[in-house]
Amino acid sequence: MSATHPTPSDGASLSYEQAGVNYELIDPLKVAAQRAAAATGVHLAAHGFQEVAASRGESAYVVDVGPFYLASIVECLGSKALVADEMRALTGQSYYGAIAQDTLAMAINDLITVGATPLVVQAYWAAGGSEWFADAQRAGALVDGWKRACDACGVAWGGGETPALVGIVADGRIDLAASCTGIVSPKQRLSLGERLGPGDAIVLLESSGIHANGLSLARKLVERLPQGYLTPVEPGLSYGDALLAPTLLYSPVTEALFKAGITPHYAANITGHGWRKLLRHPARHTYRIHQVPPVPPVLKFIQQHARHDDREAYSTLNMGAGFALFVAADDAERTVAVAKACGVKAWAAGHVEPGLKKLVIEPLGIEFGDDALQLR
């Protein structure tokens, strides 16, 4: 047993830090990298372009190229592939089609927060050895799932990199990542929060489950489950299968909103840091939630068995809300209707009001202050 990450008893709370992830250590590096990166923006001038400074610290980086903006992002899947590997050993099924979608969703769902239409994705599949690619069923599922996700979002798959990193990636494992480039056109679609303000409605889009964040905690939890990944979450649904439900792709919703004439004032992809991501924009507003979406069974299960109170659960997991759109109050119900027409449940769950920067989740009696999220 590690001295730094002890395994708690069944009756003890299992924190994200005990699962090996400590944002207090990770976030300062992110901030330092952003500050160093900001100094490189001047190089764009040599090409006649300039960065959109407000995109620094947002989910995607934006460059002004004249008639339109370009946005770009790179994201990795994280440890969800480990769950797929364990479940294959237990069931004989391949889950790589689903986690291919997860990987693309990590990048695409970030890109669209700035108002971009995804255009091109690139794949990064780094295996622990060449033998990984010899498994035709698994490799084929990854390719097929990747293409299906591209088709669902209307993006071109430009290519990628498939290194065999012996000694870096563990033997028999693979590290999946994706980069995505998009276009903001017309330029009025840009949503970096300049129009965000009191009176705006907060529309939450449903999640399909854990998505691809919080998997370190979810995997650590297996140690205290009587049947491991095969422990039932509900009749007919194992814990492993529930964890591997693919992340929803939200770009069909944002594209449909554009066609409906609705331009969000801001958007947030609810990933790491849970609902604290609603505090991402640096402006000082109060975000008041009056309706909480239903919590997927797998997230209820994790909260119960990790012994998390509501505050810890909502600060770590998406708890049923995978994406947030901040829109004009008059557009709230239409936004909900457009999302539902795309097959994604949505709720006009709250509003923005003047006051101190904080998130208030009224039905749960939870409040997160300005110091709850430091990403820039």
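Structure: see above.
Residues numbered from 1 in each chain as written. Predicted model: local features only at pLDDT ≥ 70, side-chain atom pairs only at ≥ 80, totals over all residues. Heavy atoms only, no water.

Could you give an account of helix α8 (residues 297-305), naming the residues involved and the relevant values?
Among the residues of α8, V298, L299, F301, I302 and Q303 are the ones counted as buried. Each element contacted by the buried residues of α8 is listed here: α5 (215-221), β8 (232-234), α6 (239-243) and α9 (310-316). (Buried < 20%, exposed > 50% of the residue type's maximum accessible area, 1.4 Å probe, protein only. Helix = DSSP H or I, 4+ residues; strand = E, 2+ residues; numbered from the N terminus. Contact = heavy atoms within 4.5 Å.)

So, the packing of aromatic side chains: which residues are in play, and what are the values?
Ring pairs (aromatic) are described by centroid distance and by the angle formed between their planes. Evaluation of the coordinates by the stated rule reveals 11 aromatic pairs. Residues W125 and W146 carry aromatic rings whose centres are separated by 5.3 Å and whose planes lie at 75 degrees to one another, so their mutual orientation is edge-to-face. In this pair, W125 sits in strand β4 (residues 117-127) while W146 sits in helix α4 (residues 136-153), placing the two residues 21 residues apart along the sequence. Judged by relative accessible area, W125 falls into the buried class, the value being 8%. With a centroid separation of 5.6 Å and an interplanar angle of 75 degrees, the aromatic rings of W132 and F133 are classed as edge-to-face. (Phe/Tyr/Trp six-rings, centres within 6.5 Å; stacked < 30°, edge-to-face > 60°.)

Outline the packing of helix α3 (residues 96-111) against α4, supporting the account with residue identities and numerical values.
For the pair α3 and α4, the least separation of the axes is 7 Å and the interaxial angle reads 40 degrees. Judged by the angle between their axes, α3 and α4 are oblique. For the element pair α3 and α4, the recorded crossing hand is right-handed. From α3, Y96, G97, A100, Q101, T103, L104 and I108 reach across to α4, where they touch R138, A141, L142, G145, W146, R148, A149, C150 and C153. For the contact of α3 with α4, a count of residues per class yields 10 nonpolar, four polar and two charged. (Axes fitted to C-alpha atoms, helices over the stretch in contact; angles between N-to-C directions. Parallel < 35°, antiparallel > 145°, perpendicular 65-115°, else oblique. Left-handed = near helix turned anticlockwise from the far one by under 90°. Nonpolar A, V, L, I, M, F, W, Y, C, P; charged D, E, K, R; others polar.)

Quick one: what's the story with the pairing of strand β12 (residues 321-327), residue by residue and with numbers?
Counting buried positions along β12 gives seven out of seven residues, so the element sits mostly inside the fold. Of the pairings in the sheet, the one linking strand β7 (residues 201-206) to β12 comprises six bridges and is antiparallel in character. Bridge assignment links E206 to a residue of β12, and that residue is A321. In this structure, strand β10 (residues 266-269) lies alongside β12, joined through four bridges in antiparallel fashion. Residue pairing in the sheet places A268 in a bridge with A324 of β12. (Pairing = 2+ DSSP bridges.)

Any chance you could break down the nonpolar core for me, citing the residues and the numbers?
Membership of the largest hydrophobic core comes to 109 residues, with the highest contact counts inside it found for Y96, W146, L205, Y239, W275, I302 and F326. For this core, the element with the highest residue contribution is α3, accounting for nine residues. Residue contacts for W146: discarding those within four places in its chain leaves A100, T103, L104, V121, Q122, A123, W125, W157, A177 and A178. (Core = buried A, V, L, I, M, F, W, Y, C linked by side-chain atoms within 4.5 Å.)

Run through the sheet that holds β4, naming residues and quoting values.
Hydrogen bonds between backbone atoms are what pair the strands of a sheet, whose relative direction is either parallel or antiparallel. One open sheet holds the six strands; their spatial order is β1-β2-β3-β6-β4-β5, and the pairing between them is mixed. Because the sheet does not close on itself, it has two edges, and the strands there are β1 (50-51) and β5 (156-161). Pairing analysis gives two bridges linking β1 to strand β2 (residues 61-64), with the strands arranged antiparallel. Bridging from a neighbouring strand, E51 pairs with V63 of β2.

Talk me through unusual backbone geometry; I want residue IDs and the actual numbers.
A cis amide bond links S185 with the next residue in sequence, P186, at an omega value of 0 degrees. Of note in this structure, H273 is not a glycine but carries a positive phi near 80 degrees. With respect to the helices, strands and loops of the structure, H273 is situated in the loop between β10 and β11 (286-289). H273 sits in the buried class, given a relative accessible area of 3%. A positive phi angle is found at M319, which is not glycine, with a value near 50 degrees. Tracing the backbone through its elements, the reader meets M319 in the loop between α9 and β12. By relative accessible area, M319 is classed as buried at 0%.

For the pairing of β11, give the residues involved together with the corresponding values.
Every regular strand shows the same layout, with side chains that alternate between the two sheet faces. By the alternation rule, side chains of β11 split into T286 and R288 and Y287 and I289, which are all buried. Two strands pair when backbone bridges link them, and β11 and strand β14 (residues 358-361) are joined in this way by four bridges, in the parallel orientation. Along β14, the bridge assignment pairs Y287 with L359.

Can you tell me about the pattern of salt bridges, naming the residues and giving the values?
Considering all chains together, one arrives at 16 salt bridges under this definition. The closest approach of N and O atoms between K220 and E223, which form a salt bridge, is 3.3 Å. Taking the relative accessible area as the measure of exposure, K220 reaches 17% and is therefore buried. Connected through shared salt-bridge partners, D85, E86 and R173 make up one network. (Salt bridge = Lys/Arg side-chain N within 4 Å of Asp/Glu carboxyl O.)

Purely geometric numbers; function is a separate question.
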